[in-house]
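These are the residues of each chain, in order.
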Amino acid sequence: MSQVAFSQRQQYANAMSPEASKEPDKHALSEGIVLSSRVRLARNLKDTSFPGWLKKKQRVETLQQMMPALGKLPGMEANAQQIYMEKLTPLEKQVLVEQHLISREHAAKNAGSSVVISPEETLSIMVNEEDHLRIQVILPGYHLRKAWDVADRTDSELEKSLSFAFSASLGYLTACPTNVGTGLRASAMVHLPGLVISEQINKVIKSVNQIGLAVRGFYGEGTEALGNLFQISNQMTLGESESEIINRLIKVVNKIIESEANARGKLLQERGRTVADQLGRSYGVLSNAYSISSKEALNLLSLIILGVDLGIMPATLKNKVNDLFIRTQPAHLQRAAGKKLNAEDRDAVRADILREELRAIPAPDIAKLKIL
């Protein structure tokens, strides 16, 4: 289970799907605000009980029925990872969760469940999670239509050899009623330090919820919004077409992008010293700390990304920080150490990594903000 560099995923995102790129998710201010785009499709086999109702033997048989079709998908024929959940240690499962390749719920599965991951780790398919199949595409940056195009083509390929549960009146049938219809969940991971610092984020979240979209945390539903990162996703899957869902989400994300950009500009004008203080403190702690928690590290790295976006830190730092978001998570630290680490040990190792990585990076050039 290798960790793929952010730059490799970005190259893949830029190169794929010329059809989808004819109508890109463009917004002049999106760079640095939309960190990633994700599309997930829920599908179930026709005339087969949902995974939660299957006994172990039946889950294994259902898994064996689906795996050949997954192995024949374009791009999955060679070098794809076919991982059976019962063969993974709890640590290995948590690494996949931290990489956003499986859900926390899937990490709890064992015999009869698996995940198939493309070589670029942009496409992952969970088998026998809540539904028989969860097709997930995740791309760096603002590429919701590209992500949907890949998920749609994957779904169409699978339908050539698998019969999915479908109702003419309801659409695709799913274990959870909230996924019935298209079975589509699309989301954008947005970085909103301006709205958080200016204390406007709750107003934005309330507005998004009122128009039928959801705002979730770093690891999705039921998780905390760490590092000023929020997932904006659709809640309705019934009564709208896939294109309508994607287009509506893009419109809302565009509004959030504008709100974040305006918040950053207003902060620099009215509270520039506060912004400078937070950026300076973040750099100082990350480059000098000898013990730091995961939560604190994410929140401080978020402000380093803001420093890059504001042009007071090197642009080349962004890929490093995106990598550190993952590398400094608990399971990744333990895997790198090759042994079990308690919380205190992890905090120490995390601090060592951050000091080493930021050692050659100059401090924020506050003078460029022209606030003093």
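See the structure shown above.
Here's a quick rundown of the structure. (Residues numbered from 1 in each chain as written. Predicted model: local features only at pLDDT ≥ 70, side-chain atom pairs only at ≥ 80, totals over all residues. Heavy atoms only, no water.)

**Details of the packing of helix α11 (residues 317-327) against helix α13 (residues 343-358)**
One way to put it is that α11 packs onto α13 with a least axis distance of 12 Å and a crossing angle of 170°. Classified by the interaxial angle, the pair formed by α11 and α13 is roughly antiparallel. The residues of α13 that touch α11, namely those facing L317, K320, L324 and R327, are I353, L354, E357 and L358. (Axes fitted to C-alpha atoms, helices over the stretch in contact; angles between N-to-C directions. Helix = DSSP H or I, 4+ residues; strand = E, 2+ residues; numbered from the N terminus. Parallel < 35°, antiparallel > 145°, perpendicular 65-115°, else oblique. Contact = heavy atoms within 4.5 Å.)

**Observations regarding the packing of aromatic side chains**
Scanning all chains against the criterion turns up one aromatic pair. Ring geometry for F166 and Y172: centres 5.0 Å apart, planes at 75°, overall edge-to-face. For F166, a relative accessible area of 51% corresponds to the exposed category. Accessibility expressed as a relative area gives 12% for Y172, which makes it buried. When the ring centre of Y172 is taken as origin, the NZ or CZ atom of R43, which lies over that ring, is 3.5 Å away. (Phe/Tyr/Trp six-rings, centres within 6.5 Å; stacked < 30°, edge-to-face > 60°. Buried < 20%, exposed > 50% of the residue type's maximum accessible area, 1.4 Å probe, protein only. Lys NZ or Arg CZ within 6 Å of the ring centre and 35° of its normal.)

**Digging into the sheet that holds strand β9 (residues 213-216)**
Strand pairs in the sheet, formed through backbone hydrogen bonds, run parallel or antiparallel to each other. The strand order β2-β3-β4-β5-β1-β8-β10-β9 describes an open sheet built from eight strands, whose pairing is antiparallel. The open sheet has two free edges, formed respectively by β2 (81-84) and β9, since each of these has just one partner strand. When the angles between neighbouring strand axes are averaged without regard to direction, this sheet yields 20°. As paired elements, strand β3 (residues 114-117) and strand β4 (residues 123-127) share four bridges and run antiparallel to each other. (Pairing = 2+ DSSP bridges.)

**Section: the pairing of strand β10 (residues 229-234)**
Of all six residues that make up β10, six are buried, and the element is covered over most of its length. Of the two faces of β10, the one carrying L229, Q231 and S233 and the one carrying F230, I232 and N234 are both buried. Where β9 and β10 come together, four bridges link them in antiparallel fashion. Considered in β10, the bridge of V215 is made with I232.

**Thoughts on the side chain of R38**
Tracing the chain through its elements places R38 in strand β1 (residues 34-43). One buried charged side chain, R38, makes no salt bridge at all; its nearest oppositely charged neighbour is E105, positioned 9.7 Å away. A distance of 2.9 Å separates a polar atom in the side chain of R38 from a polar atom in the side chain of Q231. Discounting residues that sit within four places of it in the chain, R38 has contacts with H100, Q136, V137, I138, L144, R185, A186, S187 and Q231. (Lys, Arg positive; Asp, Glu negative; His and termini not counted. Salt bridge = Lys/Arg side-chain N within 4 Å of Asp/Glu carboxyl O. Polar contact = N/O pair within 3.5 Å; in protein donor to acceptor, adjacent residues only side chain to side chain.)

**What about the pattern of salt bridges?**
Going through the model one piece at a time under the given rule, you end up with 17 salt bridges. The residue D155 makes a salt bridge to R43 at a minimum N-O spacing of 3.1 Å. Taken together, the residues D155 in helix α5 (residues 144-159) and R43 in strand β1 connect sequence positions 112 residues apart. Overall, R43 belongs to the buried group, its relative accessible area being 1%. A salt bridge links D149 to R153; the shortest N-O distance between them is 2.9 Å. In this pair, D149 and R153 both sit in helix α5, four residues apart, roughly one turn of the helix. Judged by its relative accessible area of 41%, R153 falls in the partly exposed class.

**Topic: the packing of helix α9 (residues 272-288) against α13**
It is at 6 Å that the axes of α9 and α13 come closest, and there the two elements cross at 115°. One way to sum up the angle between α9 and α13 is to call them roughly perpendicular. Of the residues in α13, those in contact with Y283, L286, S287 and N288 of α9 are L354, R355 and L358. Looking at the contact of α9 with α13 residue by residue, the class counts come to four nonpolar, two polar and one charged. (Nonpolar A, V, L, I, M, F, W, Y, C, P; charged D, E, K, R; others polar.)

As far as function goes, none of this settles anything; it's purely spatial.
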